[in-house]
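Structural overview for review
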Amino acid sequence: MNKTEFDLLNKNLGEICEHIPMWGCKQNIEDNSLISLSKVTKLYTLSDLNNYLVRKGIPKDKFDYCQRRWFHVQCAWIDEYLFYKQEGVKQNPNEYSKEWDVEFSNGDRYDIKSTIIPNWMRKKFSLTELFNMSNTIINTLDHSASNSRSHNQNRMYILHYSKKGNDQTSLDRVSCAFDFKDKVFKYVANNIEDLKVYKHNGYDVILVYIIEQEDGDFKMHLEYKE
């Protein structure tokens, strides 16, 4: 990704993030294969995507799935870009690698995984309680990780949370807080040595919380080494 692509996607995703349909079924390899990952990242607007689906004769009942996947892929693609655009952070030259996405100035490499705190945890516990349940969160996310991913990679989870609502629309809105994320990721890159690292099943994990406040402002939450 480059700045021109980021500026275009940042504007477009911000305008439509509250109108993306749900998957319609459990995410699966067969439906993912309807559009290649390399093609998804070259469709910069929802109109581009829909026109492509029509041209390729994708069944209408798969449009919701493809739109939801397109949205998540683009958000994840931007999050990676917002890291490797920072001074001292390197992008993996193989942008489709399953091993790592970015390398920080201290040499540590991480796969950037933008996601949410599991639904059952958000419903049961307050945000303050969740901050003290990092190992449980990591365990749950690891258990639900795609089997197609490498399971010995270091992971930096970007966890989206909204105090305005526990619904998917609110979480999608947090996903698209890219201008705020840019500031957070710069801070993370500059303070990578000070952040708490969890050891889990042979790999390192760092948690970065992006939180939407009741008034619509955003804040971050990070954990630091003792």
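Anyway, here's the lowdown on the structure attached to this text. Here the structure is a predicted model, which is why all the values come from computation and not from measurement.

Criteria and thresholds
- Residue numbers run consecutively from 1 along every chain, following the written order of its sequence.
- Reporting of local features is limited, given that this is a predicted model, to residues whose pLDDT is at least 70; pairs of side-chain atoms are given and counted only at 80 or more, and all residues count toward the totals for whole chains, interfaces and linings.
- Each side-chain value is worked out from all heavy atoms of the structure, with water and hydrogens disregarded.
- For our purposes a nonpolar core is just a set of buried Ala, Val, Leu, Ile, Met, Phe, Trp, Tyr and Cys residues, chained together by side-chain atoms within 4.5 Å.
- Only protein chains enter the area calculation, which uses a 1.4 Å probe; residues under 20% of their type maximum are buried, those over 50% are exposed, and those in between are partly exposed.
- Secondary structure elements follow DSSP: runs of H or I of four or more residues count as helices, runs of E of two or more count as strands, with numbering from the N terminus.
- We call two residues in contact when some of their heavy atoms are within 4.5 Å.
- Angles run from 0 to 180 degrees between N-to-C directions of axes, and those axes are lines fitted to C-alpha atoms, restricted for helices to the stretch in contact.
- Two helices cross in a left-handed way if the nearer one is turned anticlockwise from the farther one by less than a right angle. They cross in a right-handed way if the turn is clockwise.
- Residue type decides the class: Asp, Glu, Lys and Arg count as charged, Ala, Val, Leu, Ile, Met, Phe, Trp, Tyr, Cys and Pro as nonpolar, and the leftover types, Gly among them, as polar.

In this section: the nonpolar core. Among the nonpolar cores identified, the biggest contains 47 residues, and Leu 13, Phe 83, Phe 104, Met 156, Val 188 and Val 208 are the most heavily contacted of them. Secondary-structure elements contributing two or more residues to this core are helix H1 (3–16), helix H4 (46–55), helix H5 (63–84), strand S3 (109–116), strand S4 (155–162), helix H10 (178–190) and strand S6 (203–212). Looking at this core, the element that brings in the most residues is H5, giving twelve residues. Excluding anything up to four places from it in sequence, Leu 13 contacts Trp 70, Phe 71, Gln 74, Cys 75, Ile 78, Cys 176 and Phe 178. Within the second largest apolar cluster, 18 residues are counted, among which are Ile 138, Tyr 157, Tyr 203 and Val 205.

A packed helix pair is summarised by two numbers, namely the angle formed by the two axes and the spacing between the axes. Interhelical geometry of H5 versus helix H9 (residues 168–175) gives an angle of 35° and a closest axis separation of 10 Å. The handedness of the crossing between H5 and H9 is left-handed. Across the interface between the two elements, Arg 68, Phe 71, His 72 and Cys 75 of H5 pack against Gln 168, Asp 172 and Ser 175 of H9. Looking at the contact of H5 with H9, its residues break down into two nonpolar, three polar and two charged.

No statement about biological role is implied by the geometric values presented.
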